[in-house]
Structure formats: structure tokens, C-alpha cells
Amino acid sequence: MKLKKTVINGQTVYVEVQEGQKDEDTIEVIKMPKVDIPHMAEFDAHFHRHHHHRDDDEDEEKEEREEKDDDEDDDEADEDEVELSPKMKKLMRMLPFLGEEDLHVMLDKILADDEAVKGLSLVHLMPFLGEEDCDRLFLRALEKGEKITQAMVPFVSEKCLAALVDAYMEGKQKDLDVDMLYPFLDSETLKKLLHFELAKQD
């Protein structure tokens with residue numbers, strides 16, 4: 001394929017030389033009409049302003065959503081946290097390194113309302129216990145009417161969660177965020193909850 005240099009509206013381009021044409025390096029100046037769209041400049045300016053403004057709004061909305069999420073996380077953390085003594089803070093730092101027997105000592109003290117562990121968070125203890133022990137702590141908290149938090153839910157059995165749903169339907173856990181339970185409920189408990197919600201009056 002042979003090309004020749006051509007200038008179109010001040011731009012140098014190379015076009016293919018067709019058969020029968022001379023292939024010398026010639027320059028041919030071709031004038032193409034300039035198309036002027038009315039109000040194009042105004043349209044460009046309007047589009048730029050609108051697009052830029054929309055991006056700013058989206059950025060602001062994103063920042064507001066992130067701040068709201070952070071505030072909600074902080075609120076939940078504040079609700080879960082109790083002002084702990086230096087002793088309790090030290091015990092919490094020890095938890096990951098305790099053996100099963102030592103953890104059961106802590107568990108028994110909590111179940112017995114021993115003053116030695118007063119203020120110790122169940123949420124901090126549960127990750128180091130078996131499901132059976134977690135169930136014992138959970139059912140005790142439920143029986144005493146203590147607030148059930150989202151952090152407890154993954155560590156307990158479906159049986160415990162069914163008991164929690166029953167307490168919610170009986171009005172004993174009015175502040176419970178029931179939406180957080182859905183991924184952890186068995187089909188029977190979820191169905192029971194569905195019928196309960198359907199029967200509610202608006």
C-alpha cells in the first residue's frame with residue numbers, strides 16, 4: 001500500500017494512493033466547510049456547569065452518608081461500652097490468651113454475678129467460648145431483659161435466636177433491631193416473624 005501526504009484544514013494526514021494515480025509525495029490543500037452549531041458555546045458552558053455541580057452534589061451526598069454511617073457505628077459502640085475499671089481492661093486484654101479452663105472460670109463468675117467481673121463485656125468474651133457457653137450467656141442476658149446487640153448474634157445457636165424472636169413478639173425486647181437477625185434465623189423462626197409482622201396494624 002502506498003500513501004501520499006495531504007493537508008486537510010491545516011492537519012497533515014496520509015491517504016492511500018489508488019491504482020492509476022501518481023504516488024509522488026504531493027501536497028494537496030483541501031478546504032472543508034466548518035460546521036457552526038448555533039448556541040454550541042452556550043450549550044458547552046451549561047453542560048460543564050451542570051455536570052460539575054452534579055459531581056459536587058454527589059460528593060457531598062457520599063460524604064454525608066459516610067459521616068452518618070460513622071456516627072451510627074460510634075453510637076452502637078457507645079451503647080455497648082461501659083466505663084471499665086483498669087482491672088476490667090486488663091482482664092479483657094488477657095482473654096485471647098486464656099485456656100478453656102480459665103475461660104470457664106470467667107464464664108461461671110459472670111453467670112454468678114460475681115463482683116470480680118462486674119462490667120466485663122459479654123461481647124468480648126463470646127468469641128473465645130464454644131456455642132454452648134455462648135448460649136448460656138445469651139439466655140441469661142435475655143432472661144434479665146438486658147439489651148441484645150448485633151455483636152452477640154453470630155455466636156449463638158438458632159435456638160437462642162428463636163427465643164429472642166419470641167421475646168420480641170411478646171414485647172420484651174422493644175428496642176431490638178430485628179432486621180439484623182434475618183441472616184441468622186432458621187426458616188421456621190423467620191416464617192413466624194413474617195406472620196407476626198403481617199398481622200401488625202399500621
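Structure's up top.
The rules behind the values
- Residues numbered from 1 in each chain as written.
- Predicted model: local features only at pLDDT ≥ 70, side-chain atom pairs only at ≥ 80, totals over all residues.
- Heavy atoms only, no water.
- Core = buried A, V, L, I, M, F, W, Y, C linked by side-chain atoms within 4.5 Å.
- Buried < 20%, exposed > 50% of the residue type's maximum accessible area, 1.4 Å probe, protein only.
- Helix = DSSP H or I, 4+ residues; strand = E, 2+ residues; numbered from the N terminus.
- Contact = heavy atoms within 4.5 Å.
- Salt bridge = Lys/Arg side-chain N within 4 Å of Asp/Glu carboxyl O.
- Axes fitted to C-alpha atoms, helices over the stretch in contact; angles between N-to-C directions.
- Parallel < 35°, antiparallel > 145°, perpendicular 65-115°, else oblique.
- Nonpolar A, V, L, I, M, F, W, Y, C, P; charged D, E, K, R; others polar.

Draft legend 1. Here's a closer look at the nonpolar core. Membership of the largest hydrophobic core comes to 36 residues, with the highest contact counts inside it found for Leu-137, Phe-138, Ile-148, Leu-161, Leu-164 and Leu-181. Of all the secondary structure elements, the ones that give two or more residues to this core are helix 2 (86-94), helix 3 (100-111), helix 4 (122-125), helix 5 (131-143) and helix 6 (158-169). When residues of this core are assigned to their parent elements, the largest contribution, 6 residues, is made by helix 6. Not counting residues up to four positions away in its chain, the partners in contact with Leu-161 are Phe-138, Val-153, Val-156, Leu-181, Phe-184 and Leu-185.

Draft legend 2. Seen up close, the pattern of salt bridges. Under the defined criterion, the tally for this structure stands at 9 salt bridges. For Arg-136, the salt bridge goes to Asp-108, with nearest N and O atoms at 3.8 Å. Here Asp-108 lies in helix 3 and Arg-136 lies in helix 5, a separation of 28 residues in the sequence. Across the pair Lys-144 and Asp-113 runs a salt bridge whose closest N-O atoms are separated by 3.4 Å. Of this pair, Lys-144 sits in the loop between helix 5 and helix 6 while Asp-113 is found in the loop between helix 3 and helix 4, placing the two residues 31 residues apart along the sequence. Relative accessible area serves as the criterion here: at 47%, Lys-144 is assigned to the partly exposed category. One network of salt bridges, with partners in common, ties together Asp-113, Arg-140, Lys-144 and Glu-146.

Draft legend 3. Geometry of unusual backbone geometry. One non-glycine residue, Asp-113, adopts positive backbone phi at about 55°. Overall, the relative accessible area of 47% leaves Asp-113 in the partly exposed class.

Draft legend 4. Spotlight on the packing of helix 6 against helix 7 (residues 187-199). Their axes nearest at 10 Å, the elements helix 6 and helix 7 cross at an angle of 10°. The pairing of helix 6 with helix 7 is recorded here as roughly parallel in orientation. Here helix 6 contributes Ala-162, Val-165, Asp-166, Tyr-168 and Met-169 to the contact with helix 7, which in turn contributes Thr-189, Lys-192, Leu-193, Phe-196 and Glu-197. Of the residues assigned to the contact of helix 6 with helix 7, the class counts are 6 nonpolar, 1 polar and 3 charged.

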